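# Overview (structure and organization)
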Amino acid sequence: MRKYLSLFSLFFFASFSLLWAQKKDEVWMTYNVQNMFDGAFSGTEYQTFSQQQWNEYYAQTKMLQISQVLGDIHKQYGTLGLILLQEVENIAILEKLRMNTSSLQRMKIVFAKRQGQAAGLALMTHHNVKKVDQLDSSLFNAQSRPILMATLEVGGQEVLVITVHLPSRLREKNMEYRVKALELIANQVQKSVYEGTTVFLAGDFNADLLQLPSESLKFLDEPNYSLEKMHYLVSGYSLIRKGFDAGSYVYKGHWEKIDYLFFSYQFFNVQDLHVREVIIFCPDYLMIDTEAGPVPKAFRKDEASPGYSDHLPLLALVSY
């Protein structure tokens, strides 16, 4: 009997070790790419990209700049499992991006944009997309961008991905719209987490969330809580262990944290899908020196040095 127990223990240990060794590591990320438009003028573009100012050459240059960034992230951190992009004009430019970036070529594309708007939200992934939906933010602002939701199958586990690009600060009224959008998102997050659904929320929130009314932040963890007492979601900024953590965007000379990654409690079970680390990707070539110090090197129509985006990418290193 002792012999059989020893053999069973050895078999169990070997099987567990094999399963652990087969865990997959990949990158989940969000990136506001600033202005990834195609070369055709449709009339819905931003005023700064009129027919005279934007053409196929700049569209191709911009797309290749973003391709370089994604390719470098792949080389440095591994497989790109989930990419969330903001400020993308249409699915055609995403297909060009996929075709010109070797690490993206088998990815599925989900895109959402409200009719008449300049840009929308993109989701690219190699995981199975089981369902796509949207939260109806037009109820409080007909001009607001969609809030995109997709249910992915990741290693046999369903994950609800929610991605956003909330209204900018160009208009004072947009603060009210952002708060209402956050309340809409919070209600969805609360419902999903209570049902046991794994939730990943990311995108450009166009605000430092810690400065917004607390009722809108009911989906965030309390700063002094341990993981065991976590409320709904944990902010990725709390998972940045080293290196650059000032923010992802510079506004009026000051670094800001307006791009976010949020994780539900399931991401902290090391035996299953889990997040290992969060990184703000900021190699030297994505930055430019100014009087206020280094800032993201925004894309400009400069053939010698066109730039990339006025935001930096946020990366989550996940395993499952």
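Residues numbered from 1 in each chain as written. Predicted model: local features only at pLDDT ≥ 70, side-chain atom pairs only at ≥ 80, totals over all residues. Heavy atoms only, no water.

## As for the overall build of the protein chain
Check the secondary structure of the protein chain and you find four helices and 16 strands. Here the protein chain, with 320 residues, has 52% of them falling under the buried criterion. Contacts in the protein chain between residues at least 24 apart in sequence constitute 69% of all its contacts with a sequence separation of at least 6. For the protein chain, the computed accessible surface area is about 16,000 Å², with 51% contributed by carbon and sulfur atoms. (Helix = DSSP H or I, 4+ residues; strand = E, 2+ residues; numbered from the N terminus. Buried < 20%, exposed > 50% of the residue type's maximum accessible area, 1.4 Å probe, protein only. Contact = heavy atoms within 4.5 Å. Areas by Shrake-Rupley, 256 points an atom, 1.4 Å probe, with all protein chains shown as cover.)

## So, the nonpolar core
Counting residues in each nonpolar core, the largest one holds 86 residues, and the members touching the most others are Trp28, Leu85, Phe200 and Phe219. By residue number, the principal contributor to this core is helix α4 (residues 173–194), which donates seven residues. Excluding residues that lie within four positions of it along the chain, Phe219 makes contacts with Leu182, Ala186, Val189, Leu201, Tyr232, Leu233 and Phe262. Counting residues in hydrophobic clusters, the runner-up holds six residues, among them Phe37, Trp54, Tyr58 and Phe299. (Core = buried A, V, L, I, M, F, W, Y, C linked by side-chain atoms within 4.5 Å.)

## Description of the sheet that holds strand β2 (residues 80–88)
Strand pairing in a sheet takes place through backbone hydrogen bonds and is either antiparallel or parallel in direction. Spatial ordering of the open sheet is given by β3-β4-β2-β1-β16-β13, a layout of six strands whose pairing is mixed. Each end of this open sheet is capped by a strand with a single partner; those strands are β3 (108–112) and β13 (274–280). Here the strands of the sheet are splayed against their neighbours by 15° on average, with no regard to which way each runs. As judged from the five bridges shared by β3 and strand β4 (residues 120–125), these two strands associate in the antiparallel manner. The residue of β4 that forms the bridge with Ile109 is Met124. (Pairing = 2+ DSSP bridges. Axes fitted to C-alpha atoms, helices over the stretch in contact; angles between N-to-C directions.)

## Description of the sheet that holds strand β5 (residues 128–135)
Here we have six strands laid out as an open sheet, ordered β5-β6-β7-β8-β12-β9, and mixed in their pairing. Looking at which strands have only one partner, the edges of the open sheet turn out to be β5 and β9 (233–235). This sheet shows a mean twist of 20° between the axes of neighbouring strands, independent of strand direction. As paired strands, strand β6 (residues 147–154) and strand β7 (residues 157–165) are joined by seven bridges and run antiparallel to one another.

## Topic: empty space enclosed by the protein
Summed over all chains, the structure comprises one cavity of 30 Å³ or more. Approximately 40 Å³ is the volume attributed to the largest cavity. Forming the boundary of the largest cavity are 10 residues, of which Ser137, Arg145, Ile147, Leu166 and Pro167 lie nearest the centre. The class makeup of the residues in the lining of the largest cavity is six nonpolar, three polar and one charged. (1 Å grid on protein atoms, 1.4 Å probe; cavity = no way out; pocket = protein on both sides within 12 Å on 5 of 7 lines; lining within 4 Å. Points joined across faces, edges and corners; volume = space filled by probe spheres on them. Nonpolar A, V, L, I, M, F, W, Y, C, P; charged D, E, K, R; others polar.)

## What about the environment of Ile288?
Note that Ile288 resides in strand β14 (residues 287–290). Judged by relative accessible area, Ile288 falls into the partly exposed class, the value being 38%. Residues Ile288 and Ala298, spaced 10 residues apart in sequence, show a C-alpha to C-alpha distance of 8.6 Å. Non-local contacts of Ile288, meaning those with residues more than four positions away in its chain, are made with Gly293, Pro294, Val295, Pro296 and Lys297.

## Observations concerning the pattern of salt bridges
Using the criterion set out here, one finds five salt bridges in the structure. Across the pair Glu176 and Lys180 runs a salt bridge, and its minimum N-O distance is 3.0 Å. Residue Glu176 and its partner Lys180 are both found in helix α4; the two are separated by four residues, about one turn of the helix. By relative accessible area, Glu176 is classed as partly exposed at 31%. Judged by its relative accessible area of 33%, Lys180 falls in the partly exposed class. (Salt bridge = Lys/Arg side-chain N within 4 Å of Asp/Glu carboxyl O.)

## A look at the environment of Ala119
With respect to the helices and strands, the residue Ala119 is situated in the loop between β3 and β4. Classification of Ala119 by relative accessible area gives buried; the value is 5%. Between the C-alpha atoms of Ala119 and Met36, which are 83 residues apart in sequence, the distance is 8.3 Å. Excluding residues that lie within four positions of it along the chain, Ala119 makes contacts with Tyr46, Glu87, Val88, Glu89 and Lys113.

## Section: the environment of Ile147
If you trace the backbone, Ile147 turns up in strand β6. Sequence separation between Ile147 and His165 is 18 residues; the distance between their C-alpha atoms is 7.5 Å.

## Let's talk about the pairing of β7
Most of β7 is tucked away: eight of the nine residues are buried. From the end of β6 to the start of β7, which pair antiparallel, there are two residues, and Gly155 there has a positive phi angle of about 55°. In the sheet, β7 pairs with strand β8 (residues 198–204) via seven bridges, with the strands oriented parallel. By the bridge assignment for β8, Leu160 is matched with Val199.

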